[in-house]
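# Coordinates in review
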Amino acid sequence: MSFNIRPLHRDIGFFVIGITIIYCISGILLVFRDSDFLKHEVNTERQIRPNLSESDLGMNLHQMNFKIYKTEGDLVYFANGTYNKATGIAKYKEKVLPEYLGSTIKIHKVSSRSAMMWIPVVFGMLLLFLAISSFWMFKLKSKAFKRGMYITAVGVITAVILLAL
């Protein structure tokens, strides 16, 4: 059995290396999503619904901790921008990742309603196969298999501890 699994494990491993690199990079970038790491400032102008409340305006602009600083007539001032209540035009500055990095995060954060939802599902299934098939890479009585079982136990315990934190 191990001789049948080895080529499949190897070929799937080679196949998923590209998407694995993308997921690694985007996962690292997502850790810093609340900072300006690698981001640059962009002027944005968006047409949204007129006469939005403060909470609706923050949700429409996808801004966390949204706060209005002042209102003068129809013009609403918030951090890094303005919103015209009469026209519904919001002008603001936002920090964004370069396009080539932003697209990796889009793949990482894809939802079930997206046409690309099959990418993380298939990728996850292939990674699961790689993890499970590794148990058939060595004979049960070999030192390498026993060592692998110890490393697996340490990895599972570490994962449980991380989930408990």
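Within each chain, residues carry numbers counting from 1 in the order of the written sequence. For a predicted model such as this one, the threshold for reporting local features is a pLDDT of at least 70, and the threshold for listing and counting side-chain atom pairs is 80 or more; totals across whole chains, interfaces and linings nevertheless cover every residue. Remark: hydrogens and water are excluded; side-chain values derive from all non-hydrogen atoms of the structure.

Think of it this way: any DSSP run of H or I at least four residues long counts as a helix, any run of E at least two long counts as a strand, and we number them from the N terminus. Tracing the chain through its elements places Leu38 in the loop between helix H2 (17-31) and strand E1 (40-47). Linking Leu38 and Ala159, residues 121 residues apart in sequence, is a C-alpha distance of 30 Å. Apart from the residues lying within four places of it in its own chain, the contact partners of Leu38 are Leu29, Val96, Leu97, Pro98 and Leu101. In this analysis, two residues are considered to be in contact whenever any of their non-hydrogen atoms come within 4.5 Å of each other.

Note on aromatic contacts: the rings of Phe and Tyr and the six-membered ring of Trp form a pair at centre separations within 6.5 Å, being stacked when their planes are under 30 degrees apart, edge-to-face when over 60 apart, and tilted otherwise. Applying the stated criterion across every chain, the model contains four aromatic pairs. Aromatic pair Phe32 and Phe37: ring centres 5.0 Å apart, planes at 45°, arrangement tilted. Taking relative accessible area as the criterion, Phe37 reaches 41% and is therefore assigned partly exposed. For the pair Phe78 and Tyr92, a centre-to-centre distance of 6.3 Å together with 55° between the ring planes defines the contact as tilted. Pair noted here: Phe78 is in strand E3 (residues 75-78) and Tyr92 is in strand E5 (residues 89-96), with a separation of 14 residues, a long-range link. Members of the aromatic cluster, joined through ring pairs, are Phe66, Phe78 and Tyr92. In this scheme, Lys NZ or Arg CZ marks a charge over a ring once it lies within 6 Å of the ring centre and within 35 degrees of the ring normal. Above the face of the Phe138 ring, Arg6 is positioned so that its terminal group lies 5.5 Å from the ring centre. Exposure classes here rest on a 1.4 Å probe applied to the protein chains alone. A residue is buried below 20% of its type maximum, exposed above 50%, and partly exposed in between.

So, on to the packing of H2 against helix H4 (residues 99-108). In the contact formed by H2 and H4, the axes pass within 8 Å of each other and the chain directions differ by 100°. Classified by the interaxial angle, the pair formed by H2 and H4 is roughly perpendicular. For the pair H2 and H4, the contacting residues are Ile19, Ile22, Tyr23, Ile25, Ser26, Gly27, Leu29 and Leu30 in the first and Leu101, Thr104, Ile105, Ile107 and His108 in the second. Under the scheme applied here, ten amino acids are nonpolar (Ala, Val, Leu, Ile, Met, Phe, Trp, Tyr, Cys and Pro), four are charged (Asp, Glu, Lys and Arg), and all others, including Gly, are polar. Here the residues of the contact of H2 with H4 sort into nine nonpolar, four polar and no charged. Here an axis means a line fitted to C-alpha atoms, over the contact stretch when the element is a helix, while the angle between two N-to-C directions is reported on a 0 to 180 degree scale. Roughly parallel refers to an angle under 35 degrees, roughly antiparallel to one over 145, roughly perpendicular to one between 65 and 115, and oblique to any angle outside these ranges.

Packed helix pairs are specified by the crossing angle of their axes together with the interaxial distance, meaning the distance between the axes. In contact at an axis separation of 11 Å, H2 and helix H5 (residues 118-133) are set at 110° when each is read in the N-to-C sense. The orientation of H2 relative to H5 falls into the category roughly perpendicular. Of the residues in H5, those in contact with Ile19, Thr20 and Tyr23 of H2 are Ile119, Pro120 and Phe123. Here the contact of H2 with H5 is built from residues that sort into five nonpolar, one polar and no charged.

Our focus in this paragraph is the nonpolar core. Grouped burial of nonpolar side chains is what soluble globular proteins tend to show. Throughout this description, the term nonpolar core refers to a set of buried Ala, Val, Leu, Ile, Met, Phe, Trp, Tyr and Cys residues connected via side-chain atoms within 4.5 Å. Judged by nonpolar contacts, Ile48, Leu52, Leu57, Leu61, Phe66, Val76, Phe78, Tyr83, Ala90 and Tyr92 together constitute the single largest core of ten residues. Mapped by element, the contributors of at least two residues to this core are E3 and E5. Once residues lying within four places of it in the same chain are set aside, the contact partners of Leu52 are Leu57, Asn60 and Tyr83. If you look at the next biggest cluster of nonpolar residues, it comprises eight residues, including Val16, Ile107, Ile119 and Leu126.

Inspection of the secondary structure assignment puts Ser133 in helix H5. For Ser133, a relative accessible area of 3% corresponds to the buried category. We define a polar contact as two N or O atoms separated by no more than 3.5 Å, with the added condition that, inside protein, one atom must be a possible hydrogen donor and the other a possible acceptor, whereas residues neighbouring each other in sequence contribute only through side-chain atom pairs. At a separation of 2.5 Å, a polar atom in the side chain of Ser133 contacts the side chain of His9. Within the structure, Ser133 has its side chain in polar contact with the backbone oxygen of Leu130 (distance 3.3 Å).

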